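# Chains, contacts and geometry: an overview
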Amino acid sequence: MEFNGQMDFLTDEQLLSVFHLKKTEISCIEQPLIFLTQLRDHNLLPETRLKKVKGMRTREQRQQGVYGVLEWLERERSQDIRRFWRCVFEDHIVQKYPALHLLKKSLPDTVSKFYKELLAIETLAENSGQKQKNGKNTRKRNRNDRSDDSGPSAKKPSFSPHEKGSKERIWMLSKYKTKLPVKCGDKEGILYRDKLTKGEKCIREGARGRWFSPCEFQKFAGKESSRKWKASIRCDGTPLKKLIEENHLQCPPMENRNRASVQKSKKKISISSSESSSTDSETSASSEEESDAEDVQKQSRRAGLRSQFRSRVDDDGEEEDEMVDLTVFRAPSLPVTCVSLTGTLYKDRFATGKRGKSIRTDERWFTPEEFVKEEPTLTNGLWKRDILCHGKTLNFLCKKKILDIHPNNCICMECSTDLEDLMNQNNDDVCYACHSDGDLVCCDKCPRAFHLDCHLPAVNKEDLPWQWICTICMLRTRQRGCASRNMTEQEAFDSPVSQYKLQCHYLLLCMYNEDIQRVFVKDPRQNVRRYSEFISDPMWLNRIKQKLKDNMYQTFGEFVSDFQLIFSNCRKFNRDNKFGQLGAKLKKIFEEEIQKIFFIQ
């Protein structure tokens, strides 16, 4: 059956249901520009929304942008759903996107599954109605049902959640197995079942994307005078209290909800328990920080060494309070390790263990919890205990206020749950070359970011591809993909520079990055007094960059000789002062990078 024929058997509401099930799958298509342009050409997408997605820098942002477009279509243009399906299933579109081709082929199964689900719901509703007449209530959820609704956003669907004539309530439908639309007063949100069970913030307000606990959502709706959120928050007009009583919704176990009182009783029972809990509770008022302390207690208790281990840590800490040189922790970024892993922790990005990607490695940014999970030898790692900085745990740094743990209700960018803010944390906040902020283009393969003119070669914003990869990643990818051929240094120096432009750009970017103080970037005669009296042939990085752009080098050796001139001038003018030492450091790095990229033995 052709798709147009299939659509004749579906109502617009049913087509919207299929759309709702498949929009996450559609949002994952690669290079979606043609797809979005097709929607615009069919008057389904405004030009402004198309430009907004085109301007997104990373692949993750563009995927979220496409999902946002689909949500907007579902919410604002639901009357055009039939035209949407005809538009995206035209031949030239399905040939471009294999995912849409598979979706078109699988549509008969989707439609069939849709009708079977409707039939099952109607049958269940009839059976439920019949049994209720006999005085029995046997309403159950199908445990085998699986929800296909997942995606970057959790906004309330615009179509009706139950079919005409169906008596089944929405919390029984498979599509609402993981989340439920809820309302309190005039405020609407989405309740995530698993988060409620864990005692976490579980209600997300659709329009602004903020997370609330049930009590906070009740207060947000202006119902703080009502002390029972279970009665004031409703799903499809039914209080959550009834859903909980009928086992359609699970509340957190009593142990989690009364964690504070349990910990107080533990203090009276065991001195070692008091010491164990106090170490972490001093560093944060947040529930997630308390859970870290509990994990330490449980793990130590199982090992039978809890009291000895924790008291030793506390005793050492007391003794070392006056002995530790805290000046080593004053820098804005600190070296950290976790067994075999190494990284750099940036204080201004730190929020909590779960929030704020504050630890950077060569490959990516991590939250402290994510960083610990990367270590293969740790099965129950804890970020406060297992991440070390200058030999001290992050727990010590938190106690000394070197790191500030953000409260649960913090609304800063590091703590934000906004998808764009979360994706922006995947890349650096400053340019890799000049170490300053501004309008940056982000690499889709590594955490680096660049100003358009700082990258080599310079990036044209108008021609920026959907997936942009920086020169450093491009060179490393090429080296991994090609068989390495060892060269002598002379062979490399005699090679035409046009053959190794990528390597030249890479070396220049490395030098810009290492010269954090920008000592060698500009003409030294402009800022250094009496420089011309000692140096007759000055050289600097910006000049090398311009000469390379103007094709003034014939061989790679000529390019290298200008760097050697920078280093020799620096040694001659500065000798062994701090600038002379910096020049010697850059010279060593430069020569090591040449050895690596040309596989010189």
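Residues numbered from 1 in each chain as written. Predicted model: local features only at pLDDT ≥ 70, side-chain atom pairs only at ≥ 80, totals over all residues. Heavy atoms only, no water.

Judged by nonpolar contacts, the single largest core of 56 residues is most densely connected at Leu508, Met511, Leu541, Phe559, Phe563 and Phe598. By residue number, the principal contributor to this core is helix H25 (residues 501-514), which donates nine residues. Beyond its immediate sequence surroundings of up to four residues, Phe563 is in contact with Leu508, Met511, Leu541, Ile544 and Phe590. Residues Leu16, Leu44, Ile81 and Leu100 belong to the second largest nonpolar core, which totals 30 residues. (Core = buried A, V, L, I, M, F, W, Y, C linked by side-chain atoms within 4.5 Å. Buried < 20%, exposed > 50% of the residue type's maximum accessible area, 1.4 Å probe, protein only. Helix = DSSP H or I, 4+ residues; strand = E, 2+ residues; numbered from the N terminus. Contact = heavy atoms within 4.5 Å.)

Turning our attention to the pairing of strand S1 (residues 179-184). Buried residues dominate S1, accounting for five of its six residues. Two strands pair when backbone bridges link them, and S1 and strand S2 (residues 187-192) are joined in this way by six bridges, in the antiparallel orientation. Note on S2: the bridge partner recorded for Lys183 is Glu188. As consecutive antiparallel partners, S1 and S2 are separated by two residues, and within that stretch Gly185 has a phi angle of approximately 65 degrees, a positive value. (Pairing = 2+ DSSP bridges.)

Right, let's get into the side chain of Gln61. Mapped onto the secondary structure, Gln61 falls in helix H5 (residues 59-76). Discounting residues that sit within four places of it in the chain, Gln61 has contacts with Met56, Glu420, Met423 and Asn424.

Here the focus is the confidence of the model for the protein. Counting all residues, the mean pLDDT for the protein is 77, and 73% of those residues have values of 70 or more. Here residues 128-168 is a poorly scored stretch, pLDDT under 50, and it has 81 contacts once near neighbours within four places are set aside; other chains count. (pLDDT = per-residue confidence, 0-100.)

What follows deals with the environment of Glu414. With respect to the element layout, Glu414 can be found in the loop between helix H21 (394-399) and helix H22 (419-424). The spatial distance from the C-alpha of Glu414 to the C-alpha of Lys357 is 7.4 Å, given a sequence separation of 57 residues. Non-local contacts of Glu414, meaning those with residues more than four positions away in its chain, are made with Asp348, Arg349, Ala351, Arg355, Gly356 and Gln425.

Strand direction decides the pairing type here: strand S7 (residues 333-338) and strand S8 (residues 341-346), joined by six bridges, are antiparallel. Pairing of Ser333 across the sheet is with Tyr346, part of S8. Sheet analysis places S8 next to strand S9 (residues 359-360), joined by two bridges and oriented antiparallel. Each residue of the ladder has a partner; that of Thr344, found in S9, is Arg360.

So, on to helix H3 (residues 33-41). Along H3, the residues classified as buried are Phe35, Leu36, Gln38 and Leu39. Down the axis of H3, the buried side of the element spans an arc of 155 degrees, and every buried residue falls inside it. On the buried face of H3, the contacting elements are helix H2 (12-27), helix H4 (47-54), H5, helix H6 (81-88), helix H7 (91-96) and helix H8 (98-105). Remark: Asn43 follows H3 within two positions and exhibits a positive phi of approximately 60 degrees. (Arc of directions from axis to C-beta.)

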